[in-house]
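The primary structure of each chain is shown beneath.
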Amino acid sequence: KSGGSPKMPRREIFLLTVKGERARPGLTAALTETMGKHNVTVLDIGQAEIHDMLSLGMLIEAPAEPGLNVLKEIVFMAHHLGLTVNFTPISAPDYERWVAEQTKPRFTVTLLTRRLQAQYLAIVTKIIFDNNLNIDSITRLSGRVSLRGLNSTNVKGQRSALQFEVSGKPRNVDQMREELFKVSLSQPVDIAVQDDDLYRRNRRLILFDMDSTLIQCEVIDELAKKANVGKQVAEITEAAMRGELDFKESFKRRMRLLKGMDENVLQEIAEGLPVTEGAPRLIANLKRLGYKVGILSGGFTYFARFLQKKLGIDYVHANELDFKDGKLTGEVKGEIVDGNRKAELLQEIAKKEGLSLKQVIAVGDGANDIPMLKLAGLGVAFHAKPKVKEQAKVGISTLGLDGILYLLGVRDREALNEVGDETINEVLMPNAKL
């Protein structure tokens, strides 16, 4: 019958898998060059390499020519290179089912620990499976580990991070987060679950609490020690951190105990502030990516500005100490920066920078940080009390502050890695907005 459309040649779909020792450069080029001669369409491709062992997968659509010569040529080439090749036929309905699955919800699960043990993987992957999620890929974000470090009993300098890309509709996302949170209470791991969306890869503002977050001490406790009221102030601080005492009231009580302290003491304490592990590395890398960095603290501007100069902080909001005749009056100037004020400041800075709240990271450890942790697109409870970790989206208790880079999908090989690196020192230049 004339005038009809020409009949399209029949085509077949195959899953091609290539395995073996890492081959010479140009393997993929050679394979695809062979396929190109036979009008093959590549529907999907992925490759992984672990300890010089190659695994390459390709989903291809090829003409159903007599003898399927293209497959024979690929087998011959792979054999010549010492590789193993397998072909699995894929039916059209099965392929279309696979295509439709790309609309499923997707999440990123990040596992952080000092030393990766198989039992941690077993626990996490079982929870993923129990929540009807499928693991699409696993990526190691941390660097390769030398046996010298692996055999050392000191694990503090070590870090391991894995990123799981998972898909599916979990029974209950919040319940899954709760299950993973409970794991972090019993094992030395941190597990973060984030929606795998554009915002996860496009944060642009990070705001830190200062005391016990950006620095490894509570400044008001250090002042109290100098004033010989350390025990009294520490008790009030702990009650406030646990959420048992209103922050403003606890702050006023502690300040009254410091009345009469000499102003010269502050300089001595500021010069000895212990910066938290990973803070310079984190901030330097984020500033390279165009982030703005701020401190929102219930502590004091005197010390926050000291850190601002040292770390290149853009925004500082904290409490202004009041002095008279070179002595603390036991009061502060202006409004006390408490939890609610931190949340307000976060919104103000985000608006000023033209950012969505989903593009903001907030990091803190105390009960007065909860409002900003819940408001930010990514709230990180850092070495925090369980009550705070429960309220935040993510908790980090095993690594330093630079563990946050892993939550953003940054690999060690992509980041500035040495705290003393001249490049890091160059990045951490003062760029303040007081």
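Here, every reference points to the structure presented above.
This write-up is about the structure you can find in this document. All figures in this text were calculated on a predicted structure; none of them were measured in a lab.

### Brief notes about the pairing of strand 10 (residues 292-300)
Part 1 of the reasoning: For strand 10, the tally of buried residues reaches eight of nine residues, placing the bulk of the element in the interior.
Part 2 of the reasoning: Here four bridges tie strand 9 (residues 205-208) to strand 10, and the two strands are oriented parallel to one another. Among the inter-strand pairings, Phe-208 is bridged to a residue of strand 10, identified as Ile-295.
Part 3 of the reasoning: Note that strand 10 and strand 11 (residues 315-324) share four bridges and pair parallel.

### Digging into the sheet that holds strand 4 (residues 84-90)
In any sheet, the strands associate via hydrogen bonds between backbone groups, in a parallel or an antiparallel arrangement.
Part 1 of the reasoning: Taken together, four strands build an open sheet; the order of strands is 2-3-1-4 and the sheet is antiparallel. At either margin of the open sheet sits one strand with a lone partner, and together these are strand 2 (41-50) and strand 4. Geometrically, the sheet is characterised by an average inter-axis angle of 15° between neighbouring strands, direction not taken into account.
Part 2 of the reasoning: Pairing of strand 1 (residues 11-21) with strand 4, which is carried by seven bridges, proceeds in the antiparallel orientation.

### With respect to the pairing of strand 11
Part 1 of the reasoning: For the crossover from strand 10 across helix 12 (residues 301-311) to strand 11, the handedness is right-handed.
Part 2 of the reasoning: Sheet topology places strand 11 next to strand 12 (residues 327-333); four bridges connect them, and they run antiparallel. Its bridge partner being in strand 12, Glu-320 is matched across the sheet by Lys-333.
Part 3 of the reasoning: Hairpin connection, strand 11 to strand 12: the antiparallel pair is bridged by two residues, and Asp-325 has positive phi, about 55°.

### A closer look at the packing of aromatic side chains
Part 1 of the reasoning: Following the criterion strictly, the structure yields five aromatic pairs and no others.
Part 2 of the reasoning: Summarising the aromatic geometry, the rings of Phe-251 and Phe-300 are spaced 5.8 Å apart at their centres and angled 45° between planes, so their arrangement reads as tilted. Here Phe-251 is found in helix 9 (residues 247-257), whereas its partner Phe-300 is found in strand 10, with 49 residues between them in sequence.
Part 3 of the reasoning: Phe-251 sits in the buried class, given a relative accessible area of 2%.
Part 4 of the reasoning: Take Phe-300: its relative accessible area is 1%, and that puts it in the buried class.

### Brief notes about the packing of helix 7 (residues 219-226) against helix 10 (residues 264-271)
When two helices pack together, their arrangement is given by the angle between the helix axes and by the axis-to-axis distance.
Part 1 of the reasoning: Following both chains from N to C, one finds helix 7 and helix 10 inclined at 130°, their axes separated by 11 Å at the closest point. With respect to helix 10, the axis of helix 7 lies oblique. When you trace helix 7 past helix 10, the crossing you get is right-handed. Facing Glu-222, Leu-223 and Lys-226 of helix 7, the residues of helix 10 in contact are Val-265, Leu-266, Glu-268 and Ile-269.
Part 2 of the reasoning: When the residues that make up the contact of helix 7 with helix 10 are grouped by side-chain class, the tally is four nonpolar, no polar and three charged.

Each value, and the rule that gives it
The written sequence of each chain sets the order in which its residues are numbered from 1. Side-chain atom pairs in this predicted model are given and counted only at pLDDT of 80 or more, local residue features only at pLDDT of at least 70, and totals for whole chains, interfaces and linings cover all residues. Hydrogens and water are ignored here; the side-chain numbers use all heavy atoms of the structure. Note on classification: 1.4 Å probe, protein chains only; a residue is buried when its accessible area is under 20% of the maximum for its type, exposed when over 50%, partly exposed between these limits. In this description a helix means any DSSP run of H or I spanning at least four residues, a strand means any run of E spanning at least two, and both kinds are numbered starting from the N terminus. Note on pairing: DSSP must find at least two bridges between two strands before they are called paired. Interaxial angle, 0 to 180 degrees, is taken between N-to-C directions of lines fitted to C-alpha atoms, where a helix line uses only the stretch in contact. Call a crossover right-handed when, viewed with both strands pointing away from you, the route from the first strand across the helix to the second goes clockwise. Pairing of aromatic rings covers Phe, Tyr and Trp, the last through its six-membered ring, and needs centres within 6.5 Å; plane angles under 30 degrees mean stacked, over 60 mean edge-to-face, and all others mean tilted. Angles are sorted into four bins: roughly parallel if under 35 degrees, roughly antiparallel if over 145, roughly perpendicular if 65 to 115, and oblique for all others. Two helices that cross are described as forming a left-handed crossing if the nearer one is turned anticlockwise from the farther one by less than a right angle, and a right-handed crossing if clockwise. Here, two residues are considered to be in contact whenever any of their heavy atoms come within 4.5 Å of each other. Gly is put with the polar residues, along with every residue not named as nonpolar or charged; the nonpolar set is Ala, Val, Leu, Ile, Met, Phe, Trp, Tyr, Cys and Pro, and the charged set is Asp, Glu, Lys and Arg.

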